[in-house]
Amino acid sequence: YPYRGYLDALASHNLGQPLNASTYKDMTLYKFVGLCQEGAANVLPAVLDHIMHPIIQDNHFATEVM
């Protein structure tokens, strides 16, 4: 899913609101709330794919550090 905003659009359509995340020193917490199991079941595979197979390039690290 290399398109910017894909997860938020998918979550908004299936869950009624966009995804949210909180970053801490040692972890990032991804939060999503839905009204039904079907909506969560539609969003979860895409969220897990983003977490397990991120598309990260070297220049992304430079912007996070600076």
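An account of the accompanying structure is given in this report.

Cut-offs applied
- Residues numbered from 1 in each chain as written.
- Predicted model: local features only at pLDDT ≥ 70, side-chain atom pairs only at ≥ 80, totals over all residues.
- Heavy atoms only, no water.
- Helix = DSSP H or I, 4+ residues; strand = E, 2+ residues; numbered from the N terminus.
- Polar contact = N/O pair within 3.5 Å; in protein donor to acceptor, adjacent residues only side chain to side chain.
- Contact = heavy atoms within 4.5 Å.
- Patch = residues over 30% accessible without salt bridge, like charges linked within 9 Å, V, L, I, M, F, W, Y side chains within 5 Å.
- Areas by Shrake-Rupley, 256 points an atom, 1.4 Å probe, with all protein chains shown as cover.
- Salt bridge = Lys/Arg side-chain N within 4 Å of Asp/Glu carboxyl O.

## Topic: the side chain of S22
Then, in step 1: Topologically, S22 is positioned in strand β1 (residues 20–23).
Then, in step 2: Within the structure, the side chain of S22 is placed 3.1 Å from the side chain of K31, a separation counted as a polar contact.
Then, in step 3: When residues no more than four places from it in sequence are discounted, the contact partners of S22 are M27, T28, L29 and K31.

## Remarks on a nonpolar patch on the surface
Then, in step 1: Together, Y30, L44, L48, I51 and M52 give the surface a local cluster of nonpolar side chains, amounting to about 490 Å² of exposed area.
Then, in step 2: Here the nonpolar patch gets 4 residues from one element, more than from any other, and that element is helix α2 (residues 37–52).
Then, in step 3: Note on placement: L44 falls in helix α2.

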